[in-house]
Amino acid sequence: MDKYNGFMKKIFLMTGAMFFAGMLTAQTLSVEQYRNRVLEYNQDIQMSRQAVNSALYSLKSVKTDFFPKLDVNGNYSYQVEEVEFLPGADLKHDNYGIEAGLVQNVYSGSAVRKQYDVGRLQHAIAQLGVEHTIDNIVYAADLSYWAVVANRDLYELSGQYVKLGNELYSIVNKRFVEGAISKTDVLMVQNRLKEAELQLNTNSTNYKIALQAMNIMMGSEPDHEVVLTDSIQSVIWGPKEEGLDKALERRADYQTAIMNIEMAKLQTDLARSQFLPQLVVGVKEKYGTTLINVDGKAKWATTAFAQINIPVFHWGKMRQEVRLGRSQEEMRELERSQLKDRVSEELNNGWVNVTETAKKLEIVYSSLDIAKETLILNTFSYNEGKLPILDVLSAQVSWLQAYTNVVSVNYQYKVALAAYAKALGNTGV
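Cut-off values and rules
- Residues numbered from 1 in each chain as written.
- Predicted model: local features only at pLDDT ≥ 70, side-chain atom pairs only at ≥ 80, totals over all residues.
- Heavy atoms only, no water.
- Pairing = 2+ DSSP bridges.
- Helix = DSSP H or I, 4+ residues; strand = E, 2+ residues; numbered from the N terminus.
- Axes fitted to C-alpha atoms, helices over the stretch in contact; angles between N-to-C directions.
- Salt bridge = Lys/Arg side-chain N within 4 Å of Asp/Glu carboxyl O.
- Buried < 20%, exposed > 50% of the residue type's maximum accessible area, 1.4 Å probe, protein only.
- Phe/Tyr/Trp six-rings, centres within 6.5 Å; stacked < 30°, edge-to-face > 60°.
- Lys NZ or Arg CZ within 6 Å of the ring centre and 35° of its normal.
- Expected span 1.5 Å × (residues − 1).
- pLDDT = per-residue confidence, 0-100.
- Contact = heavy atoms within 4.5 Å.

A. Region of the structure containing the sheet that holds strand 7 (residues 278-288). An order of 2-5-7-8 is seen for the 4 strands of this open sheet, with the pairing classed as antiparallel. Bordering the open sheet on either side are strand 2 (69-78) and strand 8 (299-309), each of which pairs with just one other strand. Going across the sheet, the axis of each strand differs from the next one's by a mean of 20°, ignoring polarity. Pairing of strand 2 with strand 5 (residues 94-107), which is carried by 10 bridges, proceeds in the antiparallel orientation. Residue pairing for strand 5: Gly74 is matched across the bridge by Ile98.

The following block contains the structure:
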């Protein structure tokens, strides 16, 4: 029994030595560092930030409509035919002029103000879009990180299982050579060893694929060597149950839904403003020949003007446009209500998953302790000739399954924590 305990210690020491040796040659990466790497590289976040810039430029463009507009126009024409204006007085062939006009919008049914308010909302919605994208990317990064850690642990675990199988095969084969047991025991151990090697190969493949996906997500080469420093069994943060109102305040997608309702109302007002009176005033300064150019002299001419446009009858177009706007408002309100229900479901399901998975952890750790003790006792009893080899093999399988359950449930717990943080709108925890 002491010999077997020593062998188990040697396995774990070898695994730890391999891990720390890898840390010396490869880049180390915590889950927080990985999140930051992904956020720096991710194209979706970069595009959402560009959308913020676009909304800002659009807002600044709309703002210019509040100010007077100055335009300069020039013209020149040449009359080919001779034109007699009065007997003995011919019109000049050349006609030219340059005109500068300053125009100020006085009233346009508040259309400019509404457009500016729409621009402000679009800018705010674009900023919320960045937050929402970050929440999703952090969640995806957490899942990727913990998937690699879990697959790495399962790969190392299967390697330990192969070592156990080789150790047991050495013992059984030696006893067979001594004539103490039959060939059947050797064949059973060999068969189990091959199964262990097959599982090792499968876990190796899963680990490599998960690692490649993780590297690609942060913009590294797929085969880039990294050592993940956060253990899947470590405590990252302690969750506490929070109410729906808190989550709705933090959720960028829900705040966007509220702004979409306000946006729809502004669009309705904007549609109505097109059918209200429009008033502009301005002044024009012109230098050039007169329209009837008799003397060919250029002159200065100043004109002040006011222009009003009053829509009178458009076959009920305004009424239909307003009805369309109201319909859009109701749709946005229904979308907000629907999203609220979905957030409530995500929040409650997330909390249940966190609490129930935490209970699973207690069970699998207890099961692992039992499996370890059973494996040690069965191996010792077999060496003493008190148990058949089948009991040892069964104990090894139970130990492997118990250890696999520990890794799997810890991974489920990390996923549950990430999902709950996302439901809270607080994936930066």
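B. The arrangement of the pattern of salt bridges in detail. Across all of its chains, the model carries 17 salt bridges by this definition. Two residues, Asp269 and Lys114, come together in a salt bridge whose shortest N-O distance is 3.7 Å. Of the two residues, Asp269 sits in helix 7 (residues 252-273) while Lys114 sits in helix 4 (residues 111-177), which places them 155 residues apart along the sequence. Exposure remark for Asp269: the relative accessible area of 24% places this residue in the partly exposed category. On the accessibility criterion, Lys114 (21% relative accessible area) is partly exposed. A salt bridge links Arg192 to Glu195; the shortest N-O distance between them is 3.3 Å. With Arg192 and Glu195 both in helix 5 (residues 183-217) and 3 residues apart, this pair spans about one turn of that helix. Assessed through its relative accessible area of 42%, Glu195 is described here as partly exposed. Several salt bridges converge on common partners, so that one network encompasses Glu32, Arg35 and Asp142.

C. Spatial organisation of the packing of aromatic side chains. A complete count under the given rule lists 8 aromatic pairs for this structure. For the pair Phe66 and Tyr116, a centre-to-centre distance of 5.7 Å together with 75° between the ring planes defines the contact as edge-to-face. Of the two residues, Phe66 is situated in the loop between helix 3 (43-63) and strand 2 and Tyr116 in helix 4; the sequence distance between them amounts to 50 residues. Note on Tyr116: relative accessible area 17%, which makes it buried. Look at Tyr145 and Trp146: their rings are 5.1 Å apart centre to centre, the planes differ by 85°, and that puts the pair in the edge-to-face class. By the burial criterion, Tyr145 is buried, and Trp146 matches it. An aromatic cluster is present here, built from Tyr34, Tyr145 and Trp146 joined pairwise through their rings. A cation over an aromatic ring shows up here: Arg175 above the ring of Tyr382, its NZ or CZ 4.9 Å from the ring centre. Above the ring of Trp146, the side-chain terminus of Lys414 is found at 5.1 Å from the ring centroid.

D. A look at the environment of Lys60. Assignment of secondary structure puts Lys60 in helix 3. In this structure Lys60 comes out as exposed when scored by relative accessible area, which is 51%.

E. Layout of helix 4. Counted at 1.5 Å a residue, the expected span for helix 4 with its 67 residues is 99 Å, and the 97 Å between its end C-alpha atoms agrees. Gly179 sits one or two positions beyond helix 4 and adopts a positive phi of about 80°.

F. Summary view of the confidence of the model for the protein. Taken over all residues, the pLDDT of the protein has a mean of 87, while the share at 70 or more is 90%. Model confidence for the protein, summarised as mean pLDDT per element, is weakest for helix 1 (residues 2-25) at 48 and strongest for helix 2 (residues 31-41) at 94. Here residues 1-5 is modelled with pLDDT under 50, and outside its nearest four sequence neighbours on either side it reaches 9 contacts, counting other chains as well.

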